[in-house]
Amino acid sequence: SLRGEGPLIAAVISHFDLGAVYGSSTQGGTRALRALARAPAEGNSVAVTPDGPLGPRMRVARGIISLARMTGLPILPVSYSARRAAVLKSWDSLLVPYPGSGGAIIWGEPVSVDPDADADALEAARIALETQMIALTNEADRLCGRNTVPPAAAVAEWAIAPDPDPEPSPPA
């Protein structure tokens, strides 16, 4: 995102000789998604913060699922925690480790998205990723002796809506 924590994250990753692509579901998302989709073909790795720019906290937005579908590359869920850190007073309670603090970086099983996935399969992949991300974050916090931050309530509109005109059921 161009606002909020986006520039902070970009500044931190620049110390690791990494670049940033700015965009979110509310601003510049299509341009950013296209740039991210080109990156692997250009020999670059891609990392995405999977929640949207306005939350809810610890809920995976659709963008990362779309990116995996477009590229055919799996998503490797990764989370971290730190023994000593500041917790920003932001919508996502971003954890910023203090210099020299010990910590944990952990990862889960890759989540793949078929390029021909239908809406139900896309939602299943989103839920699978979100479930792993929450579990990984809780485990990283546990390893660092931190209290866990609970996820925000799920957004009902993200769920796959039922067919408004379903096929009639056969008579019993």
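On a predicted model such as this, the values are computed, not experimentally measured, just so you know.

Moving on, we get to the overall build of the protein chain. Looking only at helices and strands, one finds 4 helices and 4 strands in the protein chain. Going from N to C terminus, the protein chain has its helices and strands arranged as α-α-α-β-β-β-β-α. Within the protein chain, the proportion of its 172 residues that are buried is 30%. Counting only contacts in the protein chain whose residues sit at least 6 apart along the sequence, the fraction spanning at least 24 positions is 63%.

A separate point is the environment of A86. Mapped onto the elements of the fold, A86 is located in strand β2 (residues 85–87). Judged by its relative accessible area of 25%, A86 falls in the partly exposed class. Sequence spacing of A86 and P97 is 11 residues, and the spatial spacing of their C-alpha atoms is 6.3 Å. Setting aside residues up to four positions removed in sequence, A86 forms contacts with L94, L95, V96 and Y98.

This paragraph deals with the packing of helix α2 (residues 29–38) against helix α3 (residues 63–71). A pair of packed helices is characterised by two quantities: the angle between their axes and the separation of those axes. Packing of α2 against α3 brings their axes to within 10 Å, and their N-to-C directions diverge by 40°. Here α2 lies oblique to α3, going by the angle between them. The two elements α2 and α3 meet at a crossing, and its hand is right-handed. Across from L33, L36 and A37 in α2, the residues of α3 making contact are G63, S66, L67, M70 and T71.

Attention now moves to a nonpolar patch on the surface. Taken together, the side chains of L76, V78, Y80, I105 and W107 define a hydrophobic patch exposed on the protein surface, amounting to about 530 Å² of accessible area. Looking at the nonpolar patch, the elements that each hand over two or more residues are β1 (78–82) and β4 (103–107). Mapping I105 onto the fold places it in strand β4. For I105, a relative accessible area of 61% gives the class exposed.

Here we come to the nonpolar core. If you look at the biggest cluster of nonpolar residues, it comprises 11 residues: V60, I64, I65, A68, I75, V111, V113, A117, A125, L129 and M133. Those elements giving two or more residues to this core turn out to be α3 and α4 (119–143).

On to the side chain of D141, then. Secondary-structure assignment places D141 in helix α4. Lacking a salt bridge, the buried D141 has R146 as its closest oppositely charged neighbour, with an N-O distance of 4.7 Å. Apart from the residues within four sequence positions on either side, D141 is in contact with S81, R146, N147, T148 and V149.

Below, the discussion takes up the pattern of salt bridges. Counted under the stated rule, the structure contains 4 salt bridges. Salt-bridge contacts for R59 lead to E130; the nearest nitrogen and oxygen are separated by 2.8 Å. In this pair, R59 is assigned in the loop between α2 and α3 and E130 in helix α4, connecting sequence segments 71 residues apart. Each member of the pair, R59 as well as E130, carries the same accessibility label: buried. A salt bridge links E123 to R126; its shortest N-O distance comes to 2.9 Å.

We now examine the confidence of the model for the protein chain. Looking at the protein chain as a whole, the pLDDT averages 81, with 82% of positions reaching at least 70. The element-level mean pLDDT for the protein chain is lowest in helix α1 (residues 6–14), coming to 78, with β4 highest at 96.

This part is about the side chain of R59. Using a relative accessible area of 15% as the deciding quantity, one classes R59 as buried. Reaching out from R59, the side chain makes a polar contact with the side chain of E130 at a distance of 2.8 Å.

A few words on α3. Every buried residue of α3 is accounted for by I64, I65, L67 and A68. For α3, the arc enclosing every buried residue in end-on projection is 160°, short of the 170-degree limit, so these residues lie on one face. Buried residues belonging to α3 abut α2 and α4. Immediately downstream of α3, the backbone of G72 shows phi near 75°, a positive value.

Reading guide: rules and limits
Residues numbered from 1 in each chain as written. Predicted model: local features only at pLDDT ≥ 70, side-chain atom pairs only at ≥ 80, totals over all residues. Heavy atoms only, no water. Helix = DSSP H or I, 4+ residues; strand = E, 2+ residues; numbered from the N terminus. Buried < 20%, exposed > 50% of the residue type's maximum accessible area, 1.4 Å probe, protein only. Contact = heavy atoms within 4.5 Å. Axes fitted to C-alpha atoms, helices over the stretch in contact; angles between N-to-C directions. Parallel < 35°, antiparallel > 145°, perpendicular 65-115°, else oblique. Left-handed = near helix turned anticlockwise from the far one by under 90°. Patch = residues over 30% accessible without salt bridge, like charges linked within 9 Å, V, L, I, M, F, W, Y side chains within 5 Å. Areas by Shrake-Rupley, 256 points an atom, 1.4 Å probe, with all protein chains shown as cover. Salt bridge = Lys/Arg side-chain N within 4 Å of Asp/Glu carboxyl O. Core = buried A, V, L, I, M, F, W, Y, C linked by side-chain atoms within 4.5 Å. Lys, Arg positive; Asp, Glu negative; His and termini not counted. pLDDT = per-residue confidence, 0-100. Polar contact = N/O pair within 3.5 Å; in protein donor to acceptor, adjacent residues only side chain to side chain. Arc of directions from axis to C-beta.

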